[in-house]
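As a plain string of letters, each chain reads:
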Amino acid sequence: MFAQCTRKCASSMLLITLLCCILSPPAQASKSSEDIRCKCICPPYRNISGHIYNKNVSQKDCNCLHVVEPMPVPGNDVEAYCLLCECKYEERSTTTIKVIIIIYLSVVGALLLYMAFLVLVDPLIRKPDAYTQPLHNEEENEDARSLAAAPTPSGARANTVLERVEGAQQRWKRQVQEQRKTVFDRHKMLS
């Protein structure tokens, strides 16, 4: 009962958090300073090493004259220096990035919870494996086959899905063991 409440509470909290992030109005009507920038990459020029300049300016002002500050060359070389620089206007949506990260972390968290559930509950619902067979021991292999071939009592039949799955799993294990014995012990390939 507690586990069901915890799962319901966690899923509802996740849904509320996700909706708040998506539907919340932006803090400013315009783009924030982290969302836009102009990036100018200037190669080496004469005795000046190359440099990358970033500045938060509008798209129309994204050029060398507005971004490169302080100008590393004297006034008469500014035009030649700016012709070498490559300026690009970059825009991103931090809200979209945040939502994607929240979704990713939610999926990873759900998978971790599922793994913890399987680790804790799976040993409790599984029965000891009576059909474990050593790979090269023929006598024990025959004993296990005779145990598996024994008829079940008339009143007992696979009532639950778990019992049916376990039965199918045991049949599969026997088939795999027989194939291993055929390939490794008898050195025959299955046709």
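Presented here is a report on the structure given in the accompanying data block. (Residues numbered from 1 in each chain as written. Predicted model: local features only at pLDDT ≥ 70, side-chain atom pairs only at ≥ 80, totals over all residues. Heavy atoms only, no water.)

**Details of the environment of Val 68**
Tracing the chain through its elements places Val 68 in the loop between helix H2 (64-67) and helix H3 (78-84). The buried category is assigned to Val 68, whose relative accessible area is 2%. Separated by 27 residues in sequence, Val 68 and Ile 41 have C-alpha atoms that sit 9.5 Å apart. Leave out the neighbours within four places in its chain, and Val 68 touches Cys 40, Cys 42, Tyr 53 and Tyr 81. (Helix = DSSP H or I, 4+ residues; strand = E, 2+ residues; numbered from the N terminus. Buried < 20%, exposed > 50% of the residue type's maximum accessible area, 1.4 Å probe, protein only. Contact = heavy atoms within 4.5 Å.)

**Description of unusual backbone geometry**
The step from Glu 69 to Pro 70 runs through a cis peptide bond, and the omega angle for that step is -10°. Structurally, the position occupied by Pro 70 is in the loop between H2 and H3. The backbone of Arg 46 shows a phi angle near 50°, a positive value even though the residue is not glycine. Within the secondary structure, Arg 46 sits in the loop between strand E1 (36-42) and strand E2 (51-55).

**So, the sheet that holds strand E3 (residues 86-91)**
Read from one edge of the open sheet, 3 strands run E2-E1-E3, paired in antiparallel fashion. The sheet is open, and its two edges are formed by E2 and E3, each paired on a single side. Across the sheet, the mean angle from the axis of one strand to that of its neighbour is 20°, orientation sign disregarded. Sheet analysis places E1 next to E3, joined by 6 bridges and oriented antiparallel. Of the residues in E3, the one forming a bridge with Ile 36 is Glu 91. (Pairing = 2+ DSSP bridges. Axes fitted to C-alpha atoms, helices over the stretch in contact; angles between N-to-C directions.)

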